[in-house]
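Working through the structure, step by step
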Amino acid sequence: MLRITILSENTAARPDLVPEDGLSVFIETDHHKILMDSGWQDHFLDNAAALGVDIAGVDTVILSHNHYDHGLSLPLFFDRRLDRGYRFYLSSDTLWPVFHRRADGSLTSTGTGLTDGELIRRRIPHRYVETPVFHPFADEPETALLSRFERRCDFEPMLDEFRQKRGGVLVRDEFNHELALALPAREGIVLLTGCAHSGVCNMILAAEERLGRPVIAVIGGTHLKASGPERAMATIAFFNERPQLATAAVCHCTGGPALALFAAHCPAYHPVGAGSVLEFD
């Protein structure tokens, strides 16, 4: 059994739920309840309550990458769960400050603000994911966290507008802090992305090559909002060339123009918003 509920997203599938420019996903497997990202406000908690989602039962928390719209509100979860009956997974590269560089050269902080010192001080049970493939569950060994994605598709370049400060030096953010969650289903892999800054097609190829099964569903952001229609159409062509990829629940930072192209040209496209539920065998 695999059940995925969108807690917060740029849109809402129900009028009683609150949208936000962020992403939070709740995942139920046979043995685990997983919170992947929290958005940046408290809407993931309010929407979870409206949806009957048991936040108190979450045993695993994942931060997909170090951007505020995916993890700024995680301290609200930590405050809610003082029992600490969960494990928090993130990349150690999350600890480097990140910025967005505007056209005029000015920098805006885009990080979650999480630090190693805070996690230790608050006694948050956490583990850093440092390898390209990491299996978090002994009782569900096919579930994997993936990181450090090879750049395979030439239409998915890294954007120079994202910067990271490492050792006091400002460099292009290569998004080594980005994680994807690969979940097993009967026909293949269900892949959850945060924003797919590394390129959603690159991430699909990495998942299939590393885990040896086809990706049958992609759920999450693709960050196509920062690119033109050519890249969106190249991504759609990549999806359409993979008949096993039956569900493309792309959302959040995909952006309105790219979503319209998916709706028009990608048969696998499945629109989602806060409150949407997807189930897989």
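Please read these numbers as outputs of a predicted model, since none were measured by experiment.

**Considering a nonpolar patch on the surface**
- Taken together, the side chains of Trp40, Tyr68 and Leu72 define a hydrophobic patch exposed on the protein surface, amounting to about 250 Å² of accessible area.
- The topology assignment puts Leu72 in the loop between α2 (68–71) and α3 (74–80).

**Quick notes on the sheet that holds strand β12 (residues 169–172)**
- Across the sheet, which stays open at both edges, the four strands sit in the order β7-β6-β11-β12 with antiparallel pairing between neighbours. One side of each edge strand has no neighbouring strand; the edge strands of this open sheet are β7 (107–109) and β12. Each adjacent strand pair in this sheet contributes to an overall mean axis angle of 35°, direction not counted.
- Pairing of strand β11 (residues 162–166) with β12 involves four bridges; the strand directions are antiparallel. Residue pairing in the sheet places Arg166 in a bridge with Val169 of β12.

**A word on the side chain of Asp93**
- Take Asp93: it is sitting in the loop between β5 (87–90) and β6 (98–101).
- Classification of Asp93 by relative accessible area gives buried; the value is 6%.
- At a separation of 2.9 Å, a polar atom in the side chain of Asp93 contacts the side chain of Arg148.
- A polar side-chain atom of Asp93 sits 2.7 Å from a polar atom in the side chain of Arg166.

**Side note on empty space enclosed by the protein**
- As enumerated under the stated definition, the model contains two cavities of 30 Å³ or more in all.
- Taken as a whole, the largest cavity holds about 60 Å³ of empty space.
- Contributing to the lining of the largest cavity are Pro157, Met158, Leu159, His197, Thr222, His223 and Arg231.
- What lines the second largest cavity is simply Leu23, Val25, Met36, Asp37, Thr193, Gly194, Ile219 and Gly220.
- Broken down by class, the residue content of the lining of the second largest cavity amounts to four nonpolar, three polar and one charged.

**Here we look at the sheet that holds β5**
- Read across the open sheet, the seven strands follow the order β8-β5-β4-β3-β2-β1-β17; overall the sheet is mixed. In this open sheet, the two strands that pair with only one neighbour each are β8 (126–128) and β17 (277–280). Neighbouring strand axes in the sheet, compared pairwise and without regard to direction, differ in orientation by 20° on average.
- Where strand β1 (residues 2–8) and strand β2 (residues 24–28) come together, five bridges link them in antiparallel fashion. Among the inter-strand pairings, Ile6 is bridged to a residue of β2, identified as Val25.

**Structural notes on the packing of helix α5 (residues 200–211) against helix α6 (residues 229–240)**
- Where α5 meets α6, the closest approach of the two axes is 10 Å, and the angle between their N-to-C directions is 25°. By the criterion of interaxial angle, the relationship of α5 to α6 is roughly parallel. Residues Val200, Cys201, Ile204 and Leu205 of α5 form the contact with α6, whose own contacting residues are Thr235, Phe238 and Phe239.
- In the contact of α5 with α6, the residues fall into six nonpolar, one polar and no charged.

**Description of the packing of aromatic side chains**
- Across all of its chains, the model carries 10 aromatic pairs by this definition.
- Between Phe78 and Tyr86 the ring centres are 6.1 Å apart and the planes differ by 10°, which places this aromatic pair in the stacked class.
- Through a chain of ring-to-ring contacts, three or more aromatic side chains come together here, namely Phe77, Phe78, Tyr86 and Phe88.

**So, the nonpolar core**
- In terms of nonpolar packing, the biggest core is built from 31 residues, with Leu191, Ile204, Val215, Phe239, Phe262 and Cys266 touching the most fellow members.
- The greatest single-element share of this core, amounting to seven residues, is contributed by α5.
- In contact with Ile204, not counting residues within four places along its chain, are Leu191, Val215, Val218, Phe238, Phe239, Arg242 and Leu245.
- Within the second largest apolar cluster, 28 residues are counted, among which are Leu2, Ala185, Ala249 and Phe280.

**Quick look at unusual backbone geometry**
- Not every positive phi belongs to a glycine, and Arg123 is a case in point at roughly 55°.
- Checked against the element boundaries, Arg123 lands in the loop between α4 (116–121) and β8.
- A positive phi angle, close to 55°, is found at His223, a residue other than glycine.
- Mapped onto the fold, His223 is located in the loop between β15 (215–221) and α6.

Definitions and cut-offs
Residues numbered from 1 in each chain as written. Predicted model: local features only at pLDDT ≥ 70, side-chain atom pairs only at ≥ 80, totals over all residues. Heavy atoms only, no water. Patch = residues over 30% accessible without salt bridge, like charges linked within 9 Å, V, L, I, M, F, W, Y side chains within 5 Å. Areas by Shrake-Rupley, 256 points an atom, 1.4 Å probe, with all protein chains shown as cover. Salt bridge = Lys/Arg side-chain N within 4 Å of Asp/Glu carboxyl O. Helix = DSSP H or I, 4+ residues; strand = E, 2+ residues; numbered from the N terminus. Pairing = 2+ DSSP bridges. Axes fitted to C-alpha atoms, helices over the stretch in contact; angles between N-to-C directions. Buried < 20%, exposed > 50% of the residue type's maximum accessible area, 1.4 Å probe, protein only. Polar contact = N/O pair within 3.5 Å; in protein donor to acceptor, adjacent residues only side chain to side chain. 1 Å grid on protein atoms, 1.4 Å probe; cavity = no way out; pocket = protein on both sides within 12 Å on 5 of 7 lines; lining within 4 Å. Points joined across faces, edges and corners; volume = space filled by probe spheres on them. Nonpolar A, V, L, I, M, F, W, Y, C, P; charged D, E, K, R; others polar. Parallel < 35°, antiparallel > 145°, perpendicular 65-115°, else oblique. Contact = heavy atoms within 4.5 Å. Phe/Tyr/Trp six-rings, centres within 6.5 Å; stacked < 30°, edge-to-face > 60°. Core = buried A, V, L, I, M, F, W, Y, C linked by side-chain atoms within 4.5 Å.

Limitation: the analysis is restricted to geometry and does not speak to function.
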